Amino acid sequence: MTIQFNDETFRDDYTFRNSDWALKRFPFPFHEDSYMYSVNMEQHRGGPEGSVYEKRFDVDEHYVSEMRDRAQVLSEDPLRCQSLPHMTLAGWDVLELIMVSKSEDYPDLFELHRDGNRWRWINKPLGIDDTFTFLDEATLPYGPLEYITRQTQGDFAVLDQRDDNLWMDAGMVTTQADWSLDFDIGMNFFEWHAPVPMAHEKGIFVRALKFLMNIQQGAPARRLNWTMTVNPLLDTSPENYHKWGIQKTTLTPENIGAKQHLRVELQTFFRLPRSNALVFPIRCYLCSFQDLMTVPKWGRRLHRVVRDLPAELATYKGFIDNRPLMLDYLSGFDDGLPTSPGIWPDLETEPPLAK
Amino acid sequence: MSTFAFPPSIKSRPVWGSFEPQSGSAYLFVADAEGAEAILDLAKVAPALMASAHIIYIPKGTDFETALRALNPAQLYVGPSYAASLPRLRKTLEDAKMGLQVYLSGSEGLMGQAMREAAEAGIPHAAIQTEHRGSVARRMQCVHCKGITEDVAVDPFVCSHCGLNLFVRDHYSRRLAAYQGVCIDAEAPGCVPEPKGIYE
């Protein structure tokens, strides 16, 4: 299919909307009626046709507007994209991976023509047609990581592997769930996850690190993570928290369905060939509560998950104060019927809301 | 003794050690204020180290200079501030040979910054000895304006650059040698609790 790109905003007037197509493919993150941390990794080798899992780097209707939002964030704060000096080669690895994947997966949107190290990259949605020399930084307008991630949805952490650990030594971070690349760059896996409650004690990070360090070339992995965001604000950064934090206090019973968004991260992990680094794209999908409630299974389940989530997690994810308001709203979409296993909407087989 | 038992915390928070004599070709000590006591204690158990020791010391109003001088170190520099000592510290690290042992003592801000210099000079941070002494005040980075405020003793505090009210996190960056400060009243402007000592 040809994607119709939306002209929309993720700030100020918030004109972001999901089409019916985007809603049906939304990566609902709960495979059962409760949630607790787990490593929950699976191979990233495609998925159902049309789903966000199908391609290596999913492109959707928000692409062009998301890239415009990223450019604005970077113009206001260039520290959102950084790369320590030893990570330049990994940046070229990322550029190659994305250009090859996108040109193969979306030949109508992206083209890559290679003649030795002379490469021509055509990005039709963004109107880019650049010729450059692979591995020669002087031939690109930005460093390789910044160049390609200004054209790819999702945040990117690039992890160096040494001393039996992963080190976050480069990244592009403008659509984050409240963490700072500028502060965390240079940290190891345990250090940058230090503020996460409960998961250390459960051994999650020890197991996740072991898994990630063993990811091989050509065998990427993926998982989903989630949080809550009031308004479809992509840039929920700590840097700007003193500006956007107040928006969390604007929910009312009347506006919650439209304003409260479930924020889902599709996290993928690819081994890079030259640098042996890992690239960790963190792709953000937003969906309003009122859109989610059009899928009866998701309505029932979201109510149960939010209701039963440990207070510590609701606090960490930043919605403990709004939880009562959320539950008042969500309980109207939970008739107590059982739900089918798995994350898919199952619209044909799940019963409509019985209340 | 000017020691403090830090409560358990998250994994990005640095854990300071206590000095132990190690064999090396030369010894570099960087200390501020009560950090001098850690050097004096080490010299008691390993007096021979001092013949090849270079001590860079910032007194911050304390009075340990005479005692340090009495150790007869090969070199003793007493400076007015960490910033003033920095060119000397960098030159010393630049000129360092294999076998240099680095010892840092005193405030967390001093140890963190000197550790960053040593790491940039190629010494792995895990090979550096540390001992906290004296003030538990912190070097804080404002996550919003990126300005650093030195010697923050209370939580919350006012960013010395942008004026936001910040709470003191335990999240620590070795690269910045600073803890993170985050706006405390973003969701309720003006609603700022009375500042307390960081560990009170």
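I will try to describe carefully the structure that is included in this document. (Residues numbered from 1 in each chain as written. Chains lettered and ligands numbered in written order. Predicted model: local features only at pLDDT ≥ 70, side-chain atom pairs only at ≥ 80, totals over all residues. Heavy atoms only, no water.)

## Examining the nonpolar core
Move 1: With 104 residues, the main nonpolar core has Leu-95, Val-158, Leu-262, Leu-292 and Leu-302 of chain A as its most contacted residues.
Move 2: No other element matches the seven residues that helix H3 (residues 88-105) of chain A contributes to this core. (Core = buried A, V, L, I, M, F, W, Y, C linked by side-chain atoms within 4.5 Å. Buried < 20%, exposed > 50% of the residue type's maximum accessible area, 1.4 Å probe, protein only. Helix = DSSP H or I, 4+ residues; strand = E, 2+ residues; numbered from the N terminus.)

## With respect to the interface of chain B and chain A
Move 1: Taken together, the contact between chain B and chain A spans 23 residues of the former and 25 residues of the latter.
Move 2: With both chains or domains summed, chain B and chain A bury close to 2000 Å², and 60% of this area falls on carbon and sulfur atoms.
Move 3: The three residues of chain B that bury the most area against chain A are Lys-11, Arg-175 and Glu-187 of chain B, which together make up 32% of that side's buried surface.
Move 4: For the pair chain B and chain A, the number of links is five salt bridges.
Move 5: A salt bridge links Glu-239 of chain A to Lys-146 of chain B; its shortest N-O distance comes to 2.7 Å.
Move 6: The interface formed by chain B and chain A includes eleven residue pairs in polar contact (both at pLDDT 80 or more).
Move 7: Taken together, the elements giving at least two residues each to the side of chain B that touches chain A come down to strand E10 (165-173) and strand E11 (178-183) of chain B.
Move 8: For the side of chain B that touches chain A, the element with the most residues is E11 of chain B, which contributes five residues.
Move 9: The class makeup of the residues in the side of chain B that touches chain A is eleven nonpolar, six polar and six charged. (Contact = heavy atoms within 4.5 Å. Buried area = accessible area lost by both parts, 1.4 Å probe. Salt bridge = Lys/Arg side-chain N within 4 Å of Asp/Glu carboxyl O. Polar contact = N/O pair within 3.5 Å; in protein donor to acceptor, adjacent residues only side chain to side chain. Nonpolar A, V, L, I, M, F, W, Y, C, P; charged D, E, K, R; others polar.)

## Here's the deal with the layout of surface pockets
It is a probe the size of a water molecule, rolled over the atoms, that shows where empty space is left.
Move 1: Within this model, the second largest pocket holds a volume of roughly 710 Å³.
Move 2: Of all elements in the fold, only strand E7 (165-172) of chain A together with helix H4 (108-120) and E10 of chain B reach the threshold of two or more residues within the lining of the second largest pocket.
Move 3: If you tally residues by element for the lining of the second largest pocket, the top one is H4 of chain B, at five residues.
Move 4: Residues that form the lining of the second largest pocket fall into these classes: eleven nonpolar, seven polar and eight charged. (1 Å grid on protein atoms, 1.4 Å probe; cavity = no way out; pocket = protein on both sides within 12 Å on 5 of 7 lines; lining within 4 Å. Points joined across faces, edges and corners; volume = space filled by probe spheres on them.)

## A word on the pairing of strand E9 (residues 260-271) of chain A
Successive residues of a regular strand alternate their side chains across the two faces of the sheet.
Residue and element names in this part refer to chain A.
Move 1: A large share of E9 lies buried, amounting to twelve of its twelve residues.
Move 2: Where burial is concerned, the two faces of E9 agree: the one with Gln-260, Leu-262, Val-264, Leu-266, Thr-268 and Phe-270 and the one with His-261, Arg-263, Glu-265, Gln-267, Phe-269 and Arg-271 are both buried.
Move 3: Here strand E8 (residues 221-230) pairs with E9 via ten bridges, running antiparallel. By the bridge assignment, Trp-226 is partnered in E9 with Val-264.
Move 4: Note that E9 and strand E10 (residues 278-288) share nine bridges and pair antiparallel. (Pairing = 2+ DSSP bridges.)

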